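If you want the building blocks of each chain, they are given just below.
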Amino acid sequence: MDGNAPIRTQYFHPASNPARKQASCAADLTNTIIGGGIGGASASHFLTELSNGNLEIDLYEAKRIGGRLATVNIGNREPEAGGAVIHPKNMYMQRFVKLLGLEHNDSSDTKHLFGIWNGDKFVFKESSYSAITLLRILYRYSFQVFKLKRDTNDMVDNFAKIYKLQDAGKSFENVTALVSAMNKEFPNQMQVSMKDYLLHMGYTERLIDEVAKATVVVNYGQGTDIQSFVGSVSLAGAGYDLWSVKGGNKKVPEQLIYRNKNVNVVQSRVIKIRYIADNDESEQYEVTYINKDSMDLMTAKYDIVIIAAPLTSDQEFPIEFINFPKKLEFPGHYQTTYATFLKADIKPKYFGLHESLDDIFSCDPNKTIISSIGKVGFANGSSIWKIFSRESLEPDLIQKMFSNVDEKMTVVWKAYPHYSSNTPHVNFKLHNALYHVNAIEWAASAMEMSAIGGRNVAILAYNDFLQKHGLMSYEETLKDIPIILHNELR
């Protein structure tokens, strides 16, 4: 799909505009989004667009707008501490950046050399000479690396079908239905391990245990026993043409939310959601939250509630669901990742190197807690390194790996689901007018996935609202009413 394709906005002839009645009804609704990360930001953006700006939204955020998109300040630099890279075919992130007037980070003129490390030794090292690197690839992995790239590109092309479907007003009540609309085989991939899937595709164990596993360890802190759909997303996130937003990826959710005049940001922590139903026609949700300034408990009532935050029991800010006809359960837990930043000099001898590499990717999570080490900048003659690990780095380990440590900073994340080869069945629609954006993370966790989940929930909520009031759905409107497509990004 064209990376410059517009976000579609509908314009009807004033004399026959059915949106008038829709807007009138929408203006009377009370709406909230819980969570100010990229999922919540996307949901608020698309819901505002669908309602033609006639929907006021209270957006609750317990910590900071941006969620798991954040930077740290070290050595007067601001490297990414959370979601760091964006694929060139991530259409929503591309569109948001253009819409908001943001810029891509300038690509570095200096080539970063990487190596794949198994905790004891390097099984592969890139050379500064591309011809030598190619020979090393062919010697160790044969032409299967290029087949893997083709298969991954095919997966990305199928993945991109979701954009046309959402542009056409399609929405899905559960994650399985959404990924099935991209490709009918994708749900099967969510029920088989990455390793088994790649073996079935004819790949060698060496390539799987080194190349494929390295991408999963780096991106998700796990091994190839994860389900293969997220494994494919991980492979797609290992290309050379990845990018990020100048000034930090966090600028996307920040500006999507703060520029939206229909969104009122409430810096408070939601602790309870109570279902209130007087009859079938009158349903609301009472949201209880802790006021950030006074620390008092406060409540507000809403007709539509969108949760854009993980709901597993291991989260920092759990939400209690009260008085629902059916108990809401959220299986699984999230993987803890430590992002440690050092202004220091690396010790190549620790890794058995004569000269330092710029990026070190682990391919064996059983031998080392380190997932990756990457050079992310320079400051006053020293390098700035980012280390992803699955446990906290002890001072003696840091001393073994680095010298001249001048600054140190650590960010701890509940970063993404802990995946298995058996993906749970999860729903975007939890109850009438209650939705969960982050359900999509059980297919795969990435910025673009959250944006897709946000738009899906926005369309789903809007269609449910229209149906409740006996109006044409958004999808039916697109089919039956002449539409002038306007490129608002131009």
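Details of the structure are given in the entry above.
Since the model is a prediction, treat every value here as computed from it, not as a measurement.

**Student:** A description of the pairing of strand β11 (residues 334-346) should follow, citing residues and the corresponding values.
**Tutor:** For β11, the buried fraction is high: eleven of the 13 residues fall into the buried class. As judged from the twelve bridges shared by β11 and strand β15 (residues 402-417), these two strands associate in the antiparallel manner. Residue pairing for β15: Thr 340 is matched across the bridge by Thr 410.

**Student:** Provide a residue-level description of the sheet that holds strand β14 (residues 382-389), including the pertinent values.
**Tutor:** The seven strands lie next to each other as β4-β3-β12-β13-β14-β11-β15, forming an open sheet whose pairing is mixed. Looking at which strands have only one partner, the edges of the open sheet turn out to be β4 (122-125) and β15. Within the sheet, the average angular offset between the axes of one strand and its neighbour, ignoring direction, is 20°. In the sheet, strand β12 (residues 359-362) pairs with strand β13 (residues 370-379) via three bridges, with the strands oriented antiparallel. The partner of Phe 361 across the bridge, within β13, is Ser 372. Here helix α4 (residues 130-141) sits on the sheet and contacts β3 (114-117) and β4; the angle it forms with β4, its principal contact strand, is near 140°.

**Student:** Now, about the environment of Leu 235: what can you tell me, with residues and values included?
**Tutor:** Relative to the elements of secondary structure, Leu 235 occurs in helix α11 (residues 228-236). Classification of Leu 235 by relative accessible area gives buried; the value is 13%. A C-alpha to C-alpha distance of 9.3 Å links Leu 235 and Lys 213, two positions 22 residues apart in sequence. Not counting residues within four places of it along the chain, the set of residues in contact with Leu 235 comprises Leu 148, Thr 152, Met 194, Ala 212 and Thr 215.

**Student:** Tell me about α4, and name the residues and values.
**Tutor:** In this model, α4 (twelve residues) spans 16 Å end to end at C-alpha, consistent with the 16 Å of a helix rising 1.5 Å per residue. Along α4, the residues classified as buried are Thr 133, Ile 137 and Tyr 141. Buried residues of α4 fall within an arc of 40° about the axis and therefore sit on the same side. Opposite the buried face of α4, at more than 90 degrees from it, the exposed residues are Ala 131, Leu 135 and Tyr 139. Packing partners of the buried residues in α4 comprise β3, β4, α5 (144-159) and α10 (205-220). Residue Ser 142 follows α4 closely and has a positive phi angle near 55°.

What counts, and at which threshold
Residues numbered from 1 in each chain as written. Predicted model: local features only at pLDDT ≥ 70, side-chain atom pairs only at ≥ 80, totals over all residues. Heavy atoms only, no water. Buried < 20%, exposed > 50% of the residue type's maximum accessible area, 1.4 Å probe, protein only. Helix = DSSP H or I, 4+ residues; strand = E, 2+ residues; numbered from the N terminus. Pairing = 2+ DSSP bridges. Axes fitted to C-alpha atoms, helices over the stretch in contact; angles between N-to-C directions. Contact = heavy atoms within 4.5 Å. Expected span 1.5 Å × (residues − 1). Arc of directions from axis to C-beta.

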